[in-house]
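# Per-entry structural report
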Amino acid sequence: MAGQVRKKVDTKQIDKIIKSYDKSEESLLAILQDFQRSFQYVPEEGMKRLSKYMGVPESKIYAMGTFYKALSLTPRGRHTCKVCMGTACHLKGAGQILETIERELKVKRNSTTEDQRFTVESVNCVGACAMAPVVVVDEDYSGHVRQSKVMDILDKYK
Amino acid sequence: MEKITITIDGKTVEAIKDQPVLMAAKENGIDIPALCHHPELENSGGSCRVCLVEAIQGGRSRIVTSCNYPVRKGLEIRTDTEQVRNIRKGVIELLLCRVPDSEVIQNLAAKYGIKEPRFFTDEGESDRNKCIACSLCTQVCEDVVGVSAISMQNRGRDKAPGTPYHKDSSVCIGCGACAYACPTNAISMKDEKGVRKIWGKKFKMVACSVCGKPYIPEAQVNWIVRTTGKERSFFDKCPDHR
Ligand code: SF4
Ligand code: FES
Ligand code: FES
């Protein structure tokens, strides 16, 4: 993705993760999740090495990597900021909130800021409609979010 | 193989127990449209849903996909009632919205009297072009060719076949089996001046020593020689001149 700093991935770390699991197809998803946790994404080199080690075609591992929402093929930010765009939140002005975030962080929805601080996503109903509009940063829910206050919430995350 | 009799469109026909209704119908000259089923591929079918028929068994009627519905004793099948035609028409209309550029779907739609789909169409999304995401191509590559160069990527609306990272595959042998299997001709394969291009990669072709026509990718020959132990000289001539 344009403007994103691609750090060279640590192949030692990749191999360490792979070797800590059983050599079985059942470990594939867990290993991909570990990649995601360690690198904030699933690196291409990781899929290649995993494919070799397990004797599973790379195409199959790639299919898994693109199927699960918890996995990302491009580096994600240190924090995830989800703006609920479900019906209730939408009616309560979630659109403006998202636009404010996009403008202030100079980022488009469903992508990551250049400094890798935030990945901003628009999501559908997070199940807290009573406190619409809702913004979720990492695991923290904020309700009744006002457009003028949303950046104060994000400021707490470095 | 246990032979039993079933009824299709009022005719009593012989069929093999557990074979797909679609095949039983075909063997008896009854045509049901079907896109995503391949008799050689065990896991194929069940995706395009144009092969829907009415199945009546034990007094209960259900609409089922004939390509993976097993023939059983006492089964009665109706392939061409108004209800079946209507449901099938709906399915085809949705497919047309999804891949408006596919001639195969256009023709099928015309046969069912669909002129313009009533819904939003996905025009201009060239990435997916004519693909209905049935996964026949990836199944052929895995189960018949044994290479697994491509897989179904992403999910939902974005599901589509491809090589990892859309890069030149390191394992594809250029055999073209995926392109032949595709029911909507969505996979582009071009043979030009002794070079085949498929999935963005170029493959040098071997020419027939008699007619001089390049007919098989070198990579495919290497693969067959390596996996089956066949003599390399066997491929000097094309099938027409062997
Ligand atoms: S051309 Fe490549 S991707 Fe297609 S079936 Fe052959 S090996 Fe698989
Ligand atoms: S619509 Fe936002 S929480 Fe339900
Ligand atoms: S042929 Fe039966 S669902 Fe596609």
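Residues numbered from 1 in each chain as written. Chains lettered and ligands numbered in written order. Predicted model: local features only at pLDDT ≥ 70, side-chain atom pairs only at ≥ 80, totals over all residues. Heavy atoms only, no water.

## Here we look at the domain arrangement of chain B
All names here are of chain B.
- Along its sequence, chain B is carved into domain 1 (3-80) and domain 2 (131-241).
- Taking only C-alpha atoms, the centre of domain 1 and the centre of domain 2 are 32 Å apart.
- Between domain 1 and domain 2, roughly 680 Å² of surface is buried when both sides are summed, and carbon and sulfur atoms account for 70% of that area.
- Between the two partners, domain 1 and domain 2, sit 1 residue pair in polar contact (both at pLDDT 80 or more). (Domains from an automatic or database assignment. Buried area = accessible area lost by both parts, 1.4 Å probe. Polar contact = N/O pair within 3.5 Å; in protein donor to acceptor, adjacent residues only side chain to side chain.)

## Overview of the nonpolar core
Residues and elements named next belong to chain B.
- Judged by nonpolar contacts, the single largest core of 41 residues is most densely connected at Leu35, Val50, Ile92, Leu95, Ile132, Val145 and Ile187.
- Those elements giving two or more residues to this core turn out to be α2 (82-98), α3 (103-111), α4 (136-145) and α5 (177-181).
- Here the element with the most residues in this core is α4; it accounts for 5 residues.
- Summarising the domain contributions, this core has at least three residues from each of domain 1 (3-80) and domain 2 (131-241).
- Contacts of Ile132, omitting those with residues within four sequence positions, involve Leu35, Cys48, Leu95, Val99 and Thr184. (Core = buried A, V, L, I, M, F, W, Y, C linked by side-chain atoms within 4.5 Å. Buried < 20%, exposed > 50% of the residue type's maximum accessible area, 1.4 Å probe, protein only. Helix = DSSP H or I, 4+ residues; strand = E, 2+ residues; numbered from the N terminus. Contact = heavy atoms within 4.5 Å.)

## Looking at the packing of aromatic side chains
- Inspection of every chain in the model, using the stated rule, returns 4 aromatic pairs over all chains.
- Between Phe35 of chain A and Phe39 of chain A the ring centres are 6.3 Å apart and the planes differ by 50°, which places this aromatic pair in the tilted class. Here Phe35 of chain A and its partner Phe39 of chain A are both found in helix α2 (residues 28-39), 4 residues apart, which amounts to about one turn of the helix. For the pair shown, Phe35 of chain A and Phe39 of chain A are each scored as buried.
- Aromatic side chains Phe234 of chain B and Phe235 of chain B sit 5.2 Å apart centroid to centroid with 85° between the ring planes, which places their arrangement in the edge-to-face category.
- Owing to a relative accessible area of 34%, Phe234 of chain B belongs among the partly exposed residues under this scheme.
- Judged by its relative accessible area of 6%, Phe235 of chain B is buried.
- One Lys or Arg, Arg155 of chain B, reaches over the ring of Phe67 of chain A and ends 5.5 Å from the middle of that ring.
- Between the NZ or CZ atom of Lys167 of chain B and the centre of the ring of Tyr165 of chain B, over which it lies, the distance is 5.7 Å. (Phe/Tyr/Trp six-rings, centres within 6.5 Å; stacked < 30°, edge-to-face > 60°. Lys NZ or Arg CZ within 6 Å of the ring centre and 35° of its normal.)

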